[in-house]
Every structure is written in C-alpha cells, then in structure tokens.
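# Topology and contacts: notes
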Number of protein chains: 2
Amino acid sequence: MKFVIDQQVQDIEMPENLKLNTFLQEFHSDCPSPECSFGFYGFAFGQSPFHVPNPIQKALIKNVGKGAYAPIQGINELCNAISEYSKYYFHVDVDPKRIYVGPGTKEILFNLLEILHGTVILPTPAWLGYLPQIRFLKKNYHMLPTGVNKKIKPHDLRKLSLRLQDRQKILILNNPNNPTGLLYDKLELEEIAEVCREQNIVVISDEIYAQTTYDFSKFVTMGKIYPEGTFVTNGLSKSHSAGGYRIGYVIFPENAKDVRIQFKKIQATEYTSVSTPIQHAAVEGFQFSKEMDEYLNITRKIHEIMGEYTYHGLKSIPGIKSTKPQATFYLLADFNHLKEEFERSNIQTSQKFSESLIQHPYHTAIVGGDTLVLERTDFSARMAFVDYNGKQAFENYLSDPPKTNSDRIEFVRDNAPRIVSGLDMIELYFEHLTRNAKSRIECKYEEFTIPN
Amino acid sequence: MKFVIDQQVQDIEMPENLKLNTFLQEFHSDCPSPECSFGFYGFAFGQSPFHVPNPIQKALIKNVGKGAYAPIQGINELCNAISEYSKYYFHVDVDPKRIYVGPGTKEILFNLLEILHGTVILPTPAWLGYLPQIRFLKKNYHMLPTGVNKKIKPHDLRKLSLRLQDRQKILILNNPNNPTGLLYDKLELEEIAEVCREQNIVVISDEIYAQTTYDFSKFVTMGKIYPEGTFVTNGLSKSHSAGGYRIGYVIFPENAKDVRIQFKKIQATEYTSVSTPIQHAAVEGFQFSKEMDEYLNITRKIHEIMGEYTYHGLKSIPGIKSTKPQATFYLLADFNHLKEEFERSNIQTSQKFSESLIQHPYHTAIVGGDTLVLERTDFSARMAFVDYNGKQAFENYLSDPPKTNSDRIEFVRDNAPRIVSGLDMIELYFEHLTRNAKSRIECKYEEFTIPN
C-alpha cells in the first residue's frame, strides 16, 4: 500500500541534534580502527551529565502507584511548588494559576506557537529545536542575526519589527543562551522590553538554563522585566539533569487568562496531562530544600569549571575564537578565521566541517553552524562540555572542591579526561588543516552524510 | 496587553470529557444539601478503577535514576516487549521496528492525523477525543453514523467513500468500542477491510480496550486482518489502569517505512520522546508474566460483572434501551423512547438531560449524546461503570471469585455500592420524568452550563 503524507510534514527537517545523535549512535561501532573503540569525543549532544537529584528520585519512588490522570494544567502541589521556586530563585510573585505543566519544555513551546498568532522573530544563532516547530506550524518567521557580540540588539529588533505587518510579533528569547552560553543582564533585558512594548511583541522567554548561571546572582528573568508580555518556560531537563523525565512548565503573562484557556484546550486535545508520578516527583525538584539547593549550586560550579577549561583550550588554538560562557554547558566556537584553510581542504560548509571532524582519527562530535540557524558557510559550532561522569565529578567536587585556578584545571583532568582529549584532537585537526595535509582531512567517504 | 490567538485554536472546543470532569470537580463541593456530601455518582469519566499492576510499579521504582533522554522511537526493551505482547495476546508477528512509543495514545493519534493526508471517516457515536483533534488540524472529515446496531456497515462505508474525492481516506476504527462497549468479530473486520482495500482507505485502529474484552478469545486485531493498511494504537491507560502514566504505542502497517520516518520527525519536533523511567516501567506491563496475565484476566472479569449489572439495571427501567457490552467499561444507553417526556419537562437536548441529571437530588454524572458526536437531540448517553474501589474489588475477586449469577450481583452490591445507588437514582429520575414532575426535573439554575 502506498501512503499519502501531508506536504507540510514532508517539508520539515528532522531536528538536527536528534539527527546527529542518531548518526553518532550508528557511527559509534563503525570505525574500523581498533584503537578507536572508545567511540567519539562528545561535544555535540546537550545533556547534563549529572544524576537526577535524590529528592526527585525518592519522590518518584513514593508515587509509582499514582495511575490516575492528573488535571490538565498540572497537579496543584506542583504549580504551587513552581510558584514558590520562582519567588525564591527568580524573585517574582507568580499566582500558581498562571503556571501550566507540559511533557517537556519543547512541547510547551510547540503549544505556545500553535496558539499565538503572529510572525516569529528568531534571533540567531539559535537552539536547534525552534525552527522545525515554526516551519511545521507554517508560521511566518524572520531571523534576527545577533552579529559579533551574539546578543539581540534592540535597534535591530525595532527595525525588523517595523517592517513586519502583523498585529502581533513573537520574539523567542533564549536566556541564558543555547548555543552561546551568554547571559542577558538587566539593562539589556529592559532595552529589549522597551522595544517589545512599543512594537507589540510578545516574548517567549526560554529560561531552561536559568539555574546553570555560574554567578547565579546575575540571572534576571524576563518575567520580571516584562511581566505583561512574557511567557516564561523552564523545566527539570537541564538544571536538574532530568531531560528524560519529560516535564516542563510555562508561566503565563499577567492578565492572560484568555490565552491560558486556549492553552488548556490544546493540552486537552493533544495530550491530556503530564505523567502523574513524574509530576509528583517534580514537586521535590522545585520545592526548596538544602539538598536541592546544594545540588544546583555544585552542578553550576562544575559546569563553570568545564566551560572555562573548554574556552581556554579552544582559545589557545591559533585562529579559533569563542564566546566565554556565563551559563549553560555550551559555548559557540568560531572557526571562520580559518576559512581559507577549510577551502584548501575542500571543506566548503559547516556541515562538511562537522563531518570531517567526526572521522578517523579525530572522532570528535560538534554541532555545526547551519544546524544553529546560521549560514551554511558560517564555520561556527556549538560545543557542549558534558562528556564526563557527572555523578563521579559531583562527589569529587563535594569532598574536595577545587579552589585555585590550578585546582580547577586538575579537576577537569581528573574528572573529564575525554574533554581534555577531545580538545587535543581538535588541536590536532587544526594542525593538520593549517598544514594543508589535505589527504588527512578530506572526507574519506564521498557518500558520507548524516542520515535521516 | 491584548494577545492575539490563532483562529483555528479558538474554533476548536474543549474535549467534552475534560470539560465535564472540570465541571464535576467544581460541582463536587457545591451542592447546598448536606445529605449530598458524597459528591455524585460517576458514570461519566472513563478511567479504570484498579491499581497500577505491581510489576509496573516495581519496575518504575527500579528506574527512577534514568534521567537521560530516551531514543525518539522508544527504548529497545519496550519495543521488543510490545512485539512479544502482540504475538502472545493478539497473534500477530510485528517487527519491533514497526513499533513507536508516544506520551499517551491520544498524542499518537494526533501525530498520525498530522501526518496522514486525506479525509477522515469518523463512525458515530465516537470517543469524545477524536473530533477536537480532527477539527484543530483542519482535516476534512465525514461522519459515518452506525445506526441501530451501532457498528460500521461496510455498505455505508463504501457508499461514503465513493463520494469522497481524496486519494486517501482515513477510517477511525475503535474496537472494542468506546462508547458502546461492542466488539467487532473477525467476519465484520474482514468485510470492512475489503472495502478499505478497494477504496484506498487507511485504518487507524484504536484498540486501547482490546485487553478488556470479556471473552478475550473473541478479540481480533485489525492489524491481522488488514496488515498492509492498519495503524494499530494501544497503551497502558485502560487495560493496565495507568492512564496517568501517559504512554501509548502505534504499530505501523507493513511496508510503511516512509510513514515511520515522518512520524519520528514529528515526534522529534514536538516532544523528543516519552519519559524514560515510565518507558522502563511499561516494559513490565507488556512482558508476559503470570502476575500480569492474572491482573488482565481478573480486571476484565470484574468489568464484565459491573457491565452486566449496569446493563440489566438500565434495561429494567421502562423505556430505556442499551447496548450489551462485550468489552470496555462503557455501554451506550438509549433514552430516545422517552423523548416526549423530556420535552414535557422542557429538556430539549441531550446536554440539558445530562445537566438535569447532575442536579439535586440525582447527582448522577453521564456523558450526553452530543458529546459522543451524535445529534444534539439524540437522547443517548455513555455510561461508565467504574465508580468503585478497584483495588478492594480486585482483592475480593481474587480471594473469592463469584461463580453464580447471584454471586455476581452480590459482588456488585458489596464492591460497587455507588453503581447500585447511581442506577437507583437514574430510576428515580425517570420515575419523576414520566410522572411529569416538571418542577423537580427542570434545571434550577437557568445559567447552569458546563464551563469551559
């Protein structure tokens, strides 16, 4: 039987991170060189390496018997806990009625984009998940390139907005930012909010990395700066190392009851509610406790140490620049100064660069520029610094926290040898590249592409 | 700030079961008569009353530490277990590659409707969840009324299909059926399959109630009859009393690799994957074990006993007819013979009927006809027989299974007193109605409507 598939489904592309991950899983056992049985150095996949916090695990154990459907919006205990969490950590007063829970922030973003009318403004580089959703929903959208400093420029936002005819525009603000690791400060947010008020721009503020901010006192939620127009999304996936649990939440703007009613309808139509045992477990993730607070604190310290090492490792390679991460477990490396060298090795696109780097002998996985909604010929790449045993690193940090700079370097060497080796491999790759050792860099397999 | 909402979102209605449930939750504490503190007799909400099977609970406990994202399609162990389960219980050989897991059957149905091009054929009466999805996705659709015997007539299916211009049509087959509790036999499925082959109709066979078939040897999956064109969906929600876990699966037709690739893309775009701990727990629900088999067996026996009692209770009320359930925990009661009496009490629609029955002194919740995609003036209603303590009933059945007919009636009286009282209330309601005790039946509150 021949099946007919909807055109708009066919037109979207597989989100690149998942494509890459699928590819890497398949590649893993594929290299014919026996010395490469270690797999690959993983700078590509953005998953926190730590264990799920014990309070969450314990709460899940207690609630495995909860087989009944949860209320659509989320169980009361969870909405209340998120409200308290927002107050304690983000200094905003949120009525629990404004909080809705969904099966992962990704699906919540999708639901918001389904509901909100208007043209989407997508600052680039961007997380690799937004664009497939926007395209699938056939929404109008415009890129907003952030340029050299990798942050939204209010002036550019206003200029773009003035060109758009829509009554309502939707800005996707990702703060702290994936892929750059950068943080918007209060003043920057205020300037963006000013344009949003003036231009009738609704903000979806994806703050999933909020708790990973290294100097946490510096994080400011857009929900505080622009409370009447911001949908704040967050969840357990990144800061609580529980991406696999699949739970996220949205805080609706003040006075957006109508939108909430529509949202609930969409939830009821598409998925009813989030897994009940998982919701009960999540309560403990958001409720304040010394143990949770310590967990958040230690994990953000370790991310900072790994980020610093990766940043300095890359900077020491001639021709490579990089953002200096202030949060998240990513940075954006910039290899554009080596464009000529790439071209001499017949590497014309960012995609080809990623592919050549995954090959023998480098075996290093990164997320190339076009995947981050940059030009295909933009040789930038997102590099995640999470390829280590998180539980081990956590325990080691707890028993003996590094104090000096050299302690910190030693901590990385002891706890994240694959990050160290991976950076060495990248160095080797660029040594070969700049020496124009063409035969060693060029793609061995002409057919070599990332499969669907 | 004024938010602009997409028109197609505004146009869909809240799925009625959830609307009703929301309403009932609010109503619960609302009745001013102190003797009604019991709440209401719940024949409306379709949730299995039993406990989550122990093997599933134990497996969830073991896997609370699994915080990593699962593969999009589902973890291998789960796809393998579902394949074995299909073989053992449904006598079909399914390559695990054809099995995809999603966060509830509802979302899987939604995803299939997103992907599959074509006009949807919806036999009525129907489960209350399909239509909001179809409408939200702006799909063309046609009802296919099933008439007196409440089953799809192949002749009518052919006739309707010949009128439709689409290259591909999608039949939603719900077997065993919600709301009727009826089961299609092999011959009936073969006749439907013949029309589908001839008319290029793809079948989505929602078999979520398969395991509740009272005489389980009689259940036949459409996946066996029409393997080249059927998408079979099923899950843990109904037969395993774990609707709150949110996990379902689809078995793709043979040779539908292209559709599978599109499906995976949609999953990756919308929700990534199903909760990892929940997936590991589900493995035990599908893996054959004596304990699971006994659970499925006992729960279906209890459903049968409750169904029989409800069926006979309704039939004994003059003027009321009903389907005789062979599976599920529903039946479709038919009150149309009392249309004149309804009209005399100023009850013009099925909705008004439901509303008058929830009022004092009846306090009985049912799902009215229009909610089941019937005419507004069709006085039919779905009645679920699940308002009892399932764990208790399960244990009582296990220690002393009823054998004779009077044992079974006693079992209901002992274990489901609210079903007994609820049926008495319905009898009282109709006694009042047929006596035309208008003042007692009429809606007290003119403003009385089910809120959004």
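No experiment lies behind these values; they were computed from the predicted model shown.

Basis of the calculations
- Residues numbered from 1 in each chain as written.
- Chains lettered and ligands numbered in written order.
- Predicted model: local features only at pLDDT ≥ 70, side-chain atom pairs only at ≥ 80, totals over all residues.
- Heavy atoms only, no water.
- Helix = DSSP H or I, 4+ residues; strand = E, 2+ residues; numbered from the N terminus.
- Rg over C-alpha atoms; globule rule 2.2 N^0.38 Å.
- Buried < 20%, exposed > 50% of the residue type's maximum accessible area, 1.4 Å probe, protein only.
- Contact = heavy atoms within 4.5 Å.
- Pairing = 2+ DSSP bridges.
- UniProt positions renumbered as here; feature names shortened; annotations may be inferred.
- Least-squares fit on C-alpha atoms with pLDDT ≥ 70 in both.
- Buried area = accessible area lost by both parts, 1.4 Å probe.
- Salt bridge = Lys/Arg side-chain N within 4 Å of Asp/Glu carboxyl O.
- Polar contact = N/O pair within 3.5 Å; in protein donor to acceptor, adjacent residues only side chain to side chain.
- Core = buried A, V, L, I, M, F, W, Y, C linked by side-chain atoms within 4.5 Å.
- Phe/Tyr/Trp six-rings, centres within 6.5 Å; stacked < 30°, edge-to-face > 60°.
- Lys NZ or Arg CZ within 6 Å of the ring centre and 35° of its normal.
- Expected span 1.5 Å × (residues − 1).
- Domains from an automatic or database assignment.

All right, on to the overall build of chain A then. Broken down by element type, chain A carries 18 helices and 13 strands. Here the C-alpha radius of gyration of chain A, 22 Å, is about what a compact globule of 452 residues would show, namely 22 Å. Across its three principal directions, the C-alpha atoms of chain A cover 60 × 55 × 55 Å. Considering chain A as a whole, with its 452 residues, one finds that 66% of them fall into the buried category. If you take every contact in chain A between residues at least 6 apart in sequence, the share linking residues at least 24 apart comes to 76%.

Consecutive residues of a regular strand have side chains that alternate between opposite faces of the sheet. Residues and elements named next belong to chain A. Counting buried positions along strand 10 (residues 330-334) gives five out of five residues, so the element sits mostly inside the fold. Here strand 10 shows two buried faces, one formed by Tyr-330, Leu-332 and Asp-334 and the other by Leu-331 and Ala-333. Sheet topology places strand 9 (residues 321-322) next to strand 10; two bridges connect them, and they run antiparallel. Bridge pairing links Ser-322 to Ala-333 in strand 10.

This next bit is on the UniProt feature "domain: Aminotransferase class I/classII large" (unreviewed entry) in chain A. Per the UniProt record, "domain: Aminotransferase class I/classII large" (unreviewed entry) is annotated on residues 63-369 of chain A. What you have in residues 63-369 of chain A is 41% helix and 16% strand, and the ends, taken at the C-alpha atoms, are 43 Å apart.

What follows is about the sheet that holds strand 13 (residues 380-384) of chain A. Residues and elements named next belong to chain A. Sheet architecture is open: four strands sit in the order 9-10-13-12, paired in antiparallel fashion. Strands at the two margins of the open sheet, each flanked by one partner only, are strand 9 and strand 12 (367-368). As judged from the two bridges shared by strand 12 and strand 13, these two strands associate in the antiparallel manner. Counted as the bridge partner of Gly-368 is Ala-381 from strand 13.

What follows concerns the relation of the copies chain A and chain B. It takes a turn of 180 degrees to lay chain A on chain B, together with a shift of 0.0 Å along the axis; the resulting RMSD is 0.0 Å. The symmetry that links the two subunits is that of a two-fold axis. Across chain A, the rotation axis passes nearest the C-alpha of A:Ile61, at a separation of 2.5 Å. Interface overlap between copies: 100% of the residues of chain A at the interface are likewise at the interface in chain B, consistent with a symmetric, same-surface contact.

Turning next to the interface of chain A and chain B. Contacts between the two partners involve 76 residues from chain A and, on the opposite side, 76 residues from chain B. Taken together, the two surfaces of chain A and chain B that pack against each other cover about 6400 Å², and 64% of this comes from carbon and sulfur. Along the contact surface separating chain A from chain B lie zero salt bridges. There are 36 residue pairs in polar contact (both at pLDDT 80 or more) connecting chain A and chain B. The element contributing the most residues to the side of chain A that touches chain B is helix 10 (residues 257-270) of chain A, with nine residues.

This part takes up the pairing of strand 5 (residues 169-174) of chain A. Residue and element names in this part refer to chain A. Most of strand 5 is tucked away, with six of its six residues classed as buried. Here strand 5 shows a buried face lined by Lys-169, Leu-171 and Leu-173 and a second buried face lined by Ile-170, Ile-172 and Asn-174. Where strand 3 (residues 119-124) meets strand 5, three bridges bridge the pair, whose relative direction is parallel. Residue Val-120 lies in a different strand from strand 5, and its bridge partner there is Ile-170. In this structure, strand 5 lies alongside strand 6 (residues 201-206), joined through six bridges in parallel fashion. When the bridges of strand 6 are listed, Asn-174 appears paired with Asp-206.

Right, let's talk about the nonpolar core for a bit. If you look at the biggest cluster of nonpolar residues, it comprises 172 residues, and the most contacted ones within it are A:Phe430 and B:Phe430. Look past the residues within four positions of A:Phe430 in its chain and what remains in contact with it is A:Ile317, A:Ile320, A:Phe335, A:Leu338, A:Phe342 and A:Phe353.

Residues and elements named next belong to chain B. Applying the stated criterion to the full structure yields 24 salt bridges over all chains. Arg-158 is the partner of Glu-198 in a salt bridge, and the nearest nitrogen-oxygen pair spans 2.7 Å. Of this pair, Glu-198 sits in helix 8 (residues 186-199) while Arg-158 sits in helix 7 (residues 154-163), placing them 40 residues apart in sequence. Notably, a salt bridge pairs Glu-308 with Arg-408, separated by 3.1 Å at the nearest N-O pair. Separated by 100 residues along the polypeptide, Glu-308 in helix 12 (residues 290-315) and Arg-408 in helix 16 (residues 405-415) bring together distant segments of the chain. Using a relative accessible area of 23% as the deciding quantity, one classes Glu-308 as partly exposed.

This part is about the packing of aromatic side chains. Counting across every chain of the model gives 72 aromatic pairs over all chains. A ring pair is formed by B:Tyr88 and B:Phe288, whose centres lie 4.4 Å apart and whose planes are at 45 degrees; its orientation type is tilted. Here B:Tyr88 is found in helix 4 (residues 76-90), whereas its partner B:Phe288 is found in the loop between helix 11 (276-286) and helix 12, with 200 residues between them in sequence. Among the residues examined, B:Tyr88 registers a relative accessible area of 44% and is labelled partly exposed. The exposure class of B:Phe288 is partly exposed, given its relative accessible area of 41%. Taking the centre distance of 5.5 Å and the plane angle of 35 degrees together, the rings of B:Tyr295 and B:Phe394 count as tilted. Taken together, the residues span a long stretch of sequence, with B:Tyr295 in helix 12 and B:Phe394 in helix 15 (residues 390-399) at a distance of 99 residues. As far as burial versus exposure is concerned, B:Tyr295 and B:Phe394 are alike and both buried. Just above the ring of A:Tyr184 sits the side chain of A:Lys151; from NZ or CZ to the centre is 5.5 Å.

With that settled, consider helix 4 of chain B. Residue and element names in this part refer to chain B. For helix 4, which comprises 15 residues, the first-to-last C-alpha distance of 20 Å matches the rise-based estimate of 21 Å (1.5 Å per residue) to within 8%. Buried within helix 4 we find Leu-78, Cys-79, Ala-81, Ile-82, Ser-83, Tyr-85, Ser-86, Tyr-89 and Phe-90. In this structure, the buried residues of helix 4 make contact with strand 2 (99-102), helix 9 (222-225), strand 7 (230-235), strand 8 (248-251), helix 11 and helix 12. Downstream of helix 4 by one or two residues, His-91 has phi in the positive range, about 55 degrees.

So, about the sheet that holds strand 10 (residues 330-334) of chain B. With antiparallel pairing, four strands are arranged side by side in an open sheet as 9-10-13-12 (chain B). Edge positions in the sheet fall to strand 9 (321-322) and strand 12 (367-368) of chain B, since each has one partner strand and no second.

Turning our attention to the domain arrangement of chain A. For interface size, the figure often reported is the accessible area lost on association. Residues and elements named next belong to chain A. Along its sequence, chain A is carved into domain 1 (12-50 + 292-441) and domain 2 (54-288). In this assembly, 34 residues from domain 1 lie in contact with 36 residues from domain 2. With both sides pooled, the region where domain 1 packs onto domain 2 buries about 3200 Å², and carbon together with sulfur makes up 62% of that total. Here domain 1 and domain 2 share zero salt bridges between them. Inspection of the domain 1/domain 2 interface yields 17 residue pairs in polar contact (both at pLDDT 80 or more). Secondary structure elements with two or more residues in the side of domain 1 that touches domain 2: helix 2 (16-27), helix 12 (290-315) and strand 10.

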